[in-house]
Amino acid sequence: MAIKPLVYVVEDEEAISFLLSYNLEKAGFQVVTLQNGEEALLHIAEKTPDIILLDWMLPKLSGIELCRRIKGSDKTKSIPLIMLTARSEEQDKILGLNLGADDYIVKPFSINELLARVKALLRRANPPLLAEQLSYEKLVLHKHENWVKHGDIQLHLGPIEFKLLQFLLTKPKNVYSREQILNAIWGHDVFIDERTIDVHIGRLRKIINKDFKTHYIRTVRGRGYSFVGDE
Ligand code: CA
């Protein structure tokens with residue numbers, strides 16, 4: 001089972017929120033719906049989504065203020081963000097783009113257009129995220145057909161190892177902490193000892209390095225793991 005791209009939908013109108021999550025899930029995304037800006041900030045701090053759909057008219061913290069905070073923080077400014085506006089909110093649209101929103105969609109919108117915009121933005125921001133296959137040298141992972149090969153040789157990975165490899169291969173040079181890996185593979189509602197990650201990394205290394213004289217997955221002392229080093 002592949003990891004799906006994670007979308008946060010921040011929208012207080014239930015009907016629109018439902019429409020969005022239903023269609024995004026059908027299109028292969030994992031969706032978290034959030035009712036207001038404060039809830040959104042809490043979730044973003046806990047787990048970084050791959051993309052945010054943000055409604056402009058929200059109770060308490062406005063969409064504009066939320067956009068300002070997300071795009072004003074080094075930790076979150078690179079998260080792709082699409083704002084949803086009503087036609088009358090021309091000024092908000094301009095303000096939003098000035099604040100760093102990556103795209104906007106005017107309500108009422110067609111769901112196909114919205115999906116196309118989401119995919120286009122994700123492809124720009126993080127190309128491997130929507131790719132069917134991920135590869136590094138001779139190693140290839142197919143997300144939807146669920147297989148991993150080294151050259152012509154099929155490798156047999158357990159479900160956790162498959163997700164781990166997908167996660168690491170998405171940005172092979174990125175160094176991930178054990179906590180980031182844990183959140184990506186198991187989600188943050190599950191209690192898993194961080195040493196469990198070392199066990200699964202060990203198993204994955206054994207499978208993908210075995211007989212191929214390669215040394216994928218680097219331990220970075222005090223920081224975590226990356227698929228390959230910078231050198
Ligand atoms: Ca609203």
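If you're wondering where the values come from, they're calculated on a predicted model, not measured in any experiment. In this convention, every chain numbers its residues from 1, walking through the sequence in written order. Whole-chain, interface and lining totals are the exception, using all residues; otherwise, since this is a predicted model, local features are given only for residues with pLDDT of at least 70 and side-chain atom pairs are given and counted only at 80 or more. Side-chain metrics in this entry use all non-hydrogen atoms of the structure; hydrogen atoms and water are not considered.

Student: A description of the overall build of the chain should follow, citing residues and the corresponding values.
Tutor: Numbering goes from the N terminus for both helices and strands, where a helix is a DSSP run of H or I of at least four residues and a strand is a run of E of at least two. Along its length, the chain carries 8 helices and 11 strands. Relative to a compact globule of 231 residues, whose C-alpha radius of gyration would be 17 Å, the chain shows 19 Å and is just as compact. Once the C-alpha set of the chain is aligned to its principal axes, its extents read approximately 65 × 35 × 35 Å. Under the scheme applied here, a residue whose accessible area is under 20% of the maximum for its type counts as buried, over 50% as exposed, and between as partly exposed, the area being computed with a 1.4 Å probe on protein chains only. Of all 231 residues assigned to the chain, the portion counted as buried reaches 47%. The contacts in the chain between residues at least 6 apart in sequence include a share of 56% that link residues at least 24 apart. For the radius of gyration, the atoms used are the C-alpha atoms, and the globule rule reads 2.2 Å times the number of residues raised to 0.38. We call two residues in contact whenever any of their non-hydrogen atoms come within 4.5 Å of each other.

Student: Account for the pattern of salt bridges, naming residues and giving values.
Tutor: Opposite charge on two side chains permits pairing when their charged atoms draw close. We define a salt bridge as a side-chain nitrogen of Lys or Arg found within 4 Å of a carboxyl oxygen belonging to Asp or Glu. Throughout the structure, instances matching the rule amount to 12 salt bridges. Of the charged contacts, one joins Arg68 and Glu65 as a salt bridge, the two residues approaching to 3.1 Å between their closest N and O atoms. In this pair, Arg68 and Glu65 are both assigned in helix 3 (residues 63–72), 3 residues apart and thus about one turn of the helix distant. When the shortest N-O distance is used, the salt bridge between Asp103 and Arg117 registers 3.1 Å. In this pair, Asp103 sits in strand 5 (residues 103–107) while Arg117 sits in helix 5 (residues 111–125), placing the two residues 14 residues apart along the sequence. Look at Asp103 and you get buried, because its relative accessible area is 17%.

Student: Residue-level account of the sheet that holds strand 9 (residues 153–155), with values.
Tutor: Each pair of strands is called paired provided DSSP finds at least two bridges between the two strands. What the 4 strands build is an open sheet, ordered 6-7-8-9; its pairing is antiparallel. Of all the strands in the sheet, just strand 6 (133–136) and strand 9 have a single pairing partner and so form its edges. Strand-to-strand twist of the sheet, defined as the mean angle between neighbouring strand axes without regard to direction, takes the value 25 degrees. Where strand 7 (residues 139–142) meets strand 8 (residues 147–150), 4 bridges bridge the pair, whose relative direction is antiparallel. Bridging from a neighbouring strand, Leu141 pairs with Val148 of strand 8. Orientation is described by axes fitted as lines to C-alpha atoms, over the contacting stretch for helices, and by angles from 0 to 180 degrees between their N-to-C directions.

Student: Describe in detail the coordination of the calcium ion, supporting the description with residues and values.
Tutor: On the protein side, the calcium ion has Glu11 (OE), Asp12 (OD), Glu13 (OE), Asp55 (OD) and Met57 (O) as donor atoms, found 2.1 to 3.1 Å from it. For Glu11, a relative accessible area of 0% gives the class buried. Metal-coordinating donors are taken as N, O and S atoms lying within 2.8 Å of the metal, or within 3.2 Å when the metal is Na, K or Ca; because water is left out, some sites can appear incomplete.

Student: Give a description of the pairing of strand 3 (residues 51–55) that names residues and reports values.
Tutor: Within strand 3, 5 of the 5 residues are buried, which leaves it mostly tucked inside the rest of the structure. Here strand 3 shows a buried face lined by Ile51, Leu53 and Asp55 and a second buried face lined by Ile52 and Leu54. Across 4 bridges, strand 1 (residues 6–10) lies against strand 3 in parallel orientation. Each bridged residue has a counterpart across the sheet, and for Val7 the counterpart in strand 3 is Ile51. Across 4 bridges, the pairing between strand 3 and strand 4 (residues 81–86) is parallel. By the bridge assignment for strand 4, Leu54 is matched with Met83. Consider the strands pointing away from the viewer: the crossover is right-handed when the path from the first strand over the helix to the second runs clockwise. Read as a crossover between parallel neighbours, the route from strand 3 over helix 3 to strand 4 is right-handed.

Student: An account of the layout of surface pockets is requested, with residue identities and associated values reported.
Tutor: Definitions used for this entry: grid spacing 1 Å over protein atoms alone; cavity, a set of points where a 1.4 Å probe fits but cannot get out; pocket, an open set with protein on both sides within 12 Å along at least 5 of 7 lines; lining residue, one with an atom within 4 Å of a point. Grid points are joined across faces, edges and corners, and a volume is the space filled by probe spheres set on the points. Within this model, the largest pocket holds a volume of roughly 1,500 Å³. Around the largest pocket, the lining is made up of 47 residues, and of these Thr48, Pro49, Asp50, Leu129 and Phe167 lie nearest the centre. The leading source of residues in the lining of the largest pocket is helix 7 (residues 178–186), at 6 residues. Three categories are distinguished: nonpolar for Ala, Val, Leu, Ile, Met, Phe, Trp, Tyr, Cys and Pro, charged for Asp, Glu, Lys and Arg, and polar for the others, with Gly belonging to the last. Residue composition of the lining of the largest pocket, grouped by class: 23 nonpolar, 13 polar and 11 charged.

Student: Any details on the environment of Ala86? Residues and values, ideally.
Tutor: Following the sequence through the fold, Ala86 ends up in strand 4. The spacing of Ala86 and Ile217 is 131 residues in sequence and 47 Å in space, taken between C-alpha atoms. Excluding its chain neighbours within four sequence positions, the residues that come into contact with Ala86 are Val106 and Lys107.

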